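Below, each chain spelled out in residue letters.
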Amino acid sequence: MDLNEEIRIPAPRDVVFAALNDVTVLRQAIPGCEELVAHSATEYTATVAAKVGPLKARFTGQVQLSDLVPPRSYTLAGEGKGGPAGHVRVVSHVT
């Protein structure tokens, strides 16, 4: 499944970049994210609730930031397991 969405934030780039590297703000920016725990500046564990059709699942896994080009962009990649619901892999390019 490929989902594309663009959200523009009317604020200076360096302010937005700093906010998206704050664990509290980043948690709010990930749809369905219930918990996000930082283990370093680029590595997190996350719990995300998702619904696909009639199936609801809670996925737990790892999130990593890479390809950081402050204050322009980074790549957010995550992988998690949802028990009987299977697994999920996500890559988001944040610019």
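Preceding this paragraph is the structure being described.
This structure is a prediction, so every number in the text was calculated from the model and none was measured.

Draft legend 1. Spotlight on the pattern of salt bridges. In the structure shown here, the tally under the stated rule is three salt bridges. Arg8 is the partner of Glu6 in a salt bridge, and the nearest nitrogen-oxygen pair spans 3.0 Å. Using a relative accessible area of 70% as the deciding quantity, one classes Arg8 as exposed. Glu34 serves as the salt-bridge partner of Arg58, at 2.6 Å between the closest nitrogen and oxygen. Of this pair, Arg58 sits in strand S3 (residues 55-69) while Glu34 sits in strand S1 (residues 33-38), placing them 24 residues apart in sequence. On the basis of relative accessibility, which here comes to 40%, the residue Glu34 falls in the partly exposed class.

Draft legend 2. Looking closely at the sheet that holds strand S4 (residues 73-81). Taken together, the five strands give an open sheet; going across it, the order is S1-S2-S3-S4-S5, and neighbouring strands pair in antiparallel fashion. Both outer strands of the open sheet, S1 and strand S5 (87-94), are each paired with one neighbouring strand and no more. Neighbour-to-neighbour, the strand axes of the sheet open up by a mean angle of 25 degrees, direction not taken into account. Note that S4 and S5 share eight bridges and pair antiparallel.

Draft legend 3. Highlighting the environment of Lys56. Among the structural elements, Lys56 can be located in strand S3. Since its relative accessible area comes to 65%, Lys56 is described here as exposed. Here the alpha-carbon distance between Lys56 and Arg8, two residues 48 residues apart in the chain, equals 29 Å. In contact with Lys56, not counting residues within four places along its chain, are Ala50 and Lys51.

Draft legend 4. Region of interest: the pairing of S5. Within S5, only zero of the eight residues are buried, which leaves the element largely exposed. In this structure, the hairpin formed by S4 and S5 is closed by a connection of five residues, where Gly83 is found at a positive phi of approximately 65 degrees.

Draft legend 5. Just the side chain of Ser73, in detail. In this fold, Ser73 is placed in strand S4. The residues contacting Ser73, other than those within four sequence positions of it, are Phe17, Asp67, Leu68, Val94 and Thr95.

Conventions we followed
- Residues numbered from 1 in each chain as written.
- Predicted model: local features only at pLDDT ≥ 70, side-chain atom pairs only at ≥ 80, totals over all residues.
- Heavy atoms only, no water.
- Salt bridge = Lys/Arg side-chain N within 4 Å of Asp/Glu carboxyl O.
- Buried < 20%, exposed > 50% of the residue type's maximum accessible area, 1.4 Å probe, protein only.
- Helix = DSSP H or I, 4+ residues; strand = E, 2+ residues; numbered from the N terminus.
- Pairing = 2+ DSSP bridges.
- Axes fitted to C-alpha atoms, helices over the stretch in contact; angles between N-to-C directions.
- Contact = heavy atoms within 4.5 Å.

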